[in-house]
Amino acid sequence: MASSLFDKVWQAHLVERIPKGPEVLYIDRHFIHEVTSPQAFADLEKRGLPVFRKQKIIATADHNVPTENQHLIIQEPLSRKQVETLSENCKKHQIELFALGHEYQGIVHVIGPELGLTLPGMTIVCGDSHTSTHGAFGAIAFGIGTSQVAMAMASQCILQSKPKQMRIRIEGKLKKGVTPKDVILYLISKMGTDGATGHFVEYSGNVFQQMSMEGRMTVCNMSIEMGAKGGMIAPDDTTFSYIRGRKFAPKGMEWERALSYWKSIYTDVNARFHKENCFDALDIEPMITYGTHPGMGIKISENIPVNTEDENYKKSLNYMGFQQGESLIGKSIDYVFIGSCTNARIEDLRLVARIVKDKKKAENLQAMIVPGSQQVARQACEEGLDHIFQAAGFEFRQAGCSACLGMNEDKIPSEAYCVSTSNRNFEGRQGPGARTLLASPMVAAITAIEGKIVDVSRYIEKMDLFN
Amino acid sequence: MKKFQRLISRAVPLPLENIDTDQIIPARFLKATTRENFGENLFRDWRYRADEQSREDFVLNNLNHTGEILLAGRNFGCGSSREHAAWALFDYGFRVVISSFFADIFKGNALNNGLLPVEISQGFLRELFHAVESDKSTLLCVDLEKETLQIAGTDRRESFSIDPYKKMCLLKGYDDIDFLISLKNKIESFEEKHPSFLSL
Ligand code: SF4
């Protein structure tokens, strides 16, 4: 029977089927971080259970870490305790930890791929919803809750009913200046925040084939924002050349064996999906969100939709301080945040650097750029990007989740407007009362220079960035 | 895990859609290393103003509405995978959340913590909101064994469905770890056949 990429990977990890129940799925890679693991370790201890396969677990500290002065002790006592608890737990159970200060530390969804720990055909879990990022490599990767973190630690398996499958196809050529972030914001605005709930999505079509690995990660990262269990893209030469030679990637004979396996897991021509959605690349333009969930996105040049009936909608616009029917063009912005597991990879930083080089950020706003990992930070410095950012008046910080979520010290003040390259614009996500507008690194960089939202299509023509 | 079989209770109406887990428990309260006391900060920024004063217009601060059932709009629990959201609801005293649609990870987290997510039709949900808002003493009856939700004392009912394995776990108070541990031999023989490059 014809099967999909998802079917093939799933099938290769099936340990057991429970009659009328979920399936037992073997997990190849389990990433953990300080926020969703302590209670799982405690569960194991309470039951007197060991960690079953410690070498398959990789830990890092990212959510709750400062992005300045990382060599100093963490100031905030609760954060410090959480990060220290992770270190103690990893030491006790002999789990590899990329702690604060380690050369490989960074946001969990940035370090996995860049270290070659994320591979095609794997099953990957982490107590974090954006684990979907790793699907960019053709892995089945999804976020789990803390109880499931404990399960995976105790048995290297989790119980999971097989989700339905959806294919999203985009054919055609993207317009100049349209980035992967715009593609996914566009998709979420079309599908809605629950449009893919219960489904695993495969992205296909030449738009994704032509995307870099960084771009594919940006797309898969936000699959969860349309409710999908995860998203994946078939591995191809782009994938293989990204992985080859990375620190933990297979080498020698192992590499050859892996490669021939990876080439066998494509979706068969006749494979059936529960849902198919097709979009036209030419319909996508630079996007921005105006509301309090990621589905509330528009093309920058469009006006905020009018919907006078819906109370949820009114509440959302009220929070944002926007009016129905108005344009965002010209709105003054207070902060620009470039970072997060969606857009803090080297390619994102390079793009921002090209835009802000020899320019200055506007006086009325603060601009922050936070690399996704120590490796990204080092590379940026090697390429001299740090100087470009600093000369443009950006704060170039140390690796971490930073202002993506209002948990660590980097927060956006109440009622301030922030154009952010992260993935969530929920009420209070970047700090109590903060107002988030999600956009691509390109739109964020242009906003930083202009101090307000501008129609970027004109800007792009002028700047000639994409020849 | 606590057993769940049947519950008759009043319900607290929260007729908003897309309630995400950042609202249920904001990130700044996720610094704890234990599971306790998250209820204090349930819906923190909707319950309290920045100066810590209660917001009178929020339903949890309205003593007329109490109960162990939360009634919420569609796509409840979307966003972050934080299980702390389920802990906070449970710790606050909720045992059931009713909605016309639940986000996937939240649903799993709730079930793993003895909090029952009851998914019903949009039409019946509207009817429940109406019933509870017009008469605060309305009782709802949730029967897990029969998979039904009823407005007590009326013939208004709807069935809901739940994964049979999860249902058994809730009825008996079992959880998944016990089960997975019992499969150890199977898991080990699976590992022997599993390609080595996938399991570095
Ligand atoms: S960067 Fe943001 S979305 Fe990504 S893992 Fe960190 S907190 Fe989560």
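Residues numbered from 1 in each chain as written. Chains lettered and ligands numbered in written order. Predicted model: local features only at pLDDT ≥ 70, side-chain atom pairs only at ≥ 80, totals over all residues. Heavy atoms only, no water.

### A closer look at the overall build of chain A
Next, step 1: For chain A, the helix and strand inventory stands at 16 helices and 19 strands.
Next, step 2: Taken against the 2.2 N^0.38 rule, which gives 23 Å for 467 residues, the C-alpha radius of gyration of chain A at 21 Å falls within 12% of a compact globule.
Next, step 3: Its C-alpha atoms give chain A principal-axis dimensions of about 55 × 55 × 50 Å.
Next, step 4: Across the 467 residues of chain A, 67% fall into the buried class.
Next, step 5: For chain A, the proportion of contacts with a sequence separation of at least 24, taken over those separated by at least 6, is 75%.
Next, step 6: For chain A, the computed accessible surface area is about 16,000 Å², with 48% contributed by carbon and sulfur atoms.
Next, step 7: Once the 52 positive and 53 negative side-chain charges of chain A are each reduced to a mean point, those two points are 4 Å apart. (Helix = DSSP H or I, 4+ residues; strand = E, 2+ residues; numbered from the N terminus. Rg over C-alpha atoms; globule rule 2.2 N^0.38 Å. Buried < 20%, exposed > 50% of the residue type's maximum accessible area, 1.4 Å probe, protein only. Contact = heavy atoms within 4.5 Å. Areas by Shrake-Rupley, 256 points an atom, 1.4 Å probe, with all protein chains shown as cover. Lys, Arg positive; Asp, Glu negative; His and termini not counted. Charge placed at Lys NZ, Arg CZ, Asp CG, Glu CD.)

### Thoughts on the overall build of chain B
Next, step 1: Across its full length, chain B carries eight helices and eight strands.
Next, step 2: With respect to the principal axes defined by its C-alpha atoms, chain B has extents near 60 × 45 × 25 Å.
Next, step 3: Within chain B, buried positions represent 58% of all 200 residues.
Next, step 4: Contacts in chain B between residues at least 24 apart in sequence constitute 65% of all its contacts with a sequence separation of at least 6.
Next, step 5: As displayed, chain B has an accessible area near 8,400 Å², and 47% of this comes from carbon and sulfur atoms.

### Considering the site of the ligand
Next, step 1: Around the ligand sit His-63, Ile-107, His-109, Asp-128, His-130, Ser-340, Cys-341, Cys-401, Cys-404, Leu-405, Asn-423 and Arg-429 of chain A, and those are all the residues in its vicinity.
Next, step 2: Split by domain, the shell around the ligand shows at least three residues from each of two domains, domain 1 (5-163 + 237-253) and domain 3 (287-463) of chain A. (Near = heavy atom within 4 Å. Domains from an automatic or database assignment.)

### Observations concerning the sheet that holds strand 19 (residues 435-438) of chain A
Residues and elements named next belong to chain A.
Next, step 1: What the five strands build is an open sheet, ordered 17-16-15-18-19; its pairing is parallel. Both edges of this open sheet fall to strand 17 (395-396) and strand 19, since each of them pairs with a single strand only.
Next, step 2: By the bridge criterion, four bridges tie strand 15 (residues 335-338) to strand 16 (residues 366-369) in an arrangement that is parallel. Residue pairing for strand 16: Tyr-335 is matched across the bridge by Gln-366.
Next, step 3: Sheet strands touched by helix 15 (residues 441-450): strand 15, strand 16 and strand 18 (417-420). Its angle to strand 15, the strand with the most contacts, is close to 145°. (Pairing = 2+ DSSP bridges. Axes fitted to C-alpha atoms, helices over the stretch in contact; angles between N-to-C directions.)

### Let's talk about the interface of chain B and chain A
Next, step 1: Chain B puts 57 residues into the contact, and the matching count from chain A is 76 residues.
Next, step 2: Carbon and sulfur atoms supply 58% of the area buried between chain B and chain A, which totals about 5,400 Å² over both sides.
Next, step 3: Inspection of the region where chain B meets chain A yields 10 salt bridges.
Next, step 4: We note a salt bridge from Glu-76 of chain A to Lys-31 of chain B, for which the minimum N-O separation is 3.3 Å. (Buried area = accessible area lost by both parts, 1.4 Å probe. Salt bridge = Lys/Arg side-chain N within 4 Å of Asp/Glu carboxyl O.)

### Re the domain arrangement of chain A
All names here are of chain A.
Next, step 1: For chain A, the assigned domains read domain 1 (5-163 + 237-253), domain 2 (164-236 + 267-283) and domain 3 (287-463).
Next, step 2: Using C-alpha coordinates to define each centre, domain 1 is positioned 28 Å away from domain 3.
Next, step 3: Counting residues at the interface gives 27 residues for domain 1, matched by 24 residues for domain 3.
Next, step 4: Both sides of the domain 1 and domain 3 interface together cover about 2,100 Å² of buried area, and 51% of this is carbon and sulfur.
Next, step 5: Here domain 1 and domain 3 share one salt bridge between them.
Next, step 6: Residues Glu-68 and Arg-397 are paired through a salt bridge, measuring 3.8 Å at the closest nitrogen-oxygen approach.
Next, step 7: Here domain 1 is connected to domain 3 by 17 residue pairs in polar contact (both at pLDDT 80 or more).
Next, step 8: The residue makeup of the side of domain 1 that touches domain 3, split by class, is eight nonpolar, 15 polar and four charged. (Polar contact = N/O pair within 3.5 Å; in protein donor to acceptor, adjacent residues only side chain to side chain. Nonpolar A, V, L, I, M, F, W, Y, C, P; charged D, E, K, R; others polar.)

### Structural notes on the packing of helix 3 (residues 84-92) of chain B against helix 4 (residues 104-111) of chain B
All names here are of chain B.
Next, step 1: The geometry of helix 3 relative to helix 4 is characterised by a closest axis approach of 8 Å and an angle of 50° between their N-to-C directions. As the angle between them shows, helix 3 and helix 4 are arranged oblique. Our pair here, helix 3 against helix 4, has a crossing hand that is right-handed. Facing helix 3, whose interface residues are Ala-85, Ala-86 and Leu-89, helix 4 presents Phe-106, Asn-109 and Ala-110.
Next, step 2: Here the contact of helix 3 with helix 4 is composed, by residue class, of five nonpolar, one polar and no charged. (Parallel < 35°, antiparallel > 145°, perpendicular 65-115°, else oblique. Left-handed = near helix turned anticlockwise from the far one by under 90°.)

### Description of the packing of helix 2 (residues 38-47) of chain A against helix 5 (residues 146-155) of chain A
All names here are of chain A.
Next, step 1: Contact geometry of helix 2 with helix 5 gives a least axis separation of 8 Å together with a crossing angle of 55°. On the basis of their axis angle, the class for helix 2 and helix 5 is oblique. Seen along the crossing, helix 2 lies across helix 5 with a hand that is right-handed. Contact with helix 2, carried on its side by Gln-39, Ala-40, Phe-41, Asp-43 and Leu-44, involves Thr-146, Val-149, Ala-150, Met-153 and Ala-154 of helix 5 and no other residues of that element.

### Structural notes on the pattern of salt bridges
Next, step 1: Per the counting criterion, the structure on display carries 40 salt bridges over all chains.
Next, step 2: Lys-107 of chain B is paired through a salt bridge with Glu-119 of chain B; the nearest N and O atoms lie 3.6 Å apart. Taken together, the residues Lys-107 of chain B in helix 4 and Glu-119 of chain B in strand 5 (residues 116-119) connect sequence positions 12 residues apart.
Next, step 3: Judged by relative accessible area, Lys-107 of chain B falls into the partly exposed class, the value being 31%.
Next, step 4: Among the charged side chains, a network of salt bridges with common partners joins Arg-53 of chain A together with Lys-184, Glu-188 and Glu-191 of chain B.

### What about the pairing of strand 3 (residues 29-33) of chain A?
One face of the sheet, then the other: side chains in a regular strand alternate in exactly this way.
Residues and elements named next belong to chain A.
Next, step 1: Across the five residues of strand 3, five count as buried, placing the element largely inside the fold.
Next, step 2: Across the two faces of strand 3 the burial is the same, with Arg-29, Phe-31 and His-33 and His-30 and Ile-32 all buried.
Next, step 3: Summarising the sheet, strand 3 and strand 6 (residues 123-126) pair through three bridges and their orientation is parallel. Pairing of His-30 across the sheet is with Val-125, part of strand 6.
Next, step 4: Read from strand 3 through helix 2 to strand 4 (residues 57-60), the crossover connection turns out right-handed. (Right-handed = clockwise from strand over helix to strand, strands pointing away.)

### Points about the side chain of Asp-143 of chain B
Residues and elements named next belong to chain B.
Next, step 1: Inspection of the secondary structure assignment puts Asp-143 in strand 6 (residues 140-143).
Next, step 2: For Asp-143, a relative accessible area of 9% corresponds to the buried category.
Next, step 3: In terms of polar contacts, Asp-143 uses its side chain to reach the backbone amide nitrogen of Lys-146, at 3.1 Å.
Next, step 4: Discounting residues that sit within four places of it in the chain, Asp-143 has contacts with Gln-5, Arg-6, Thr-148 and Phe-160.

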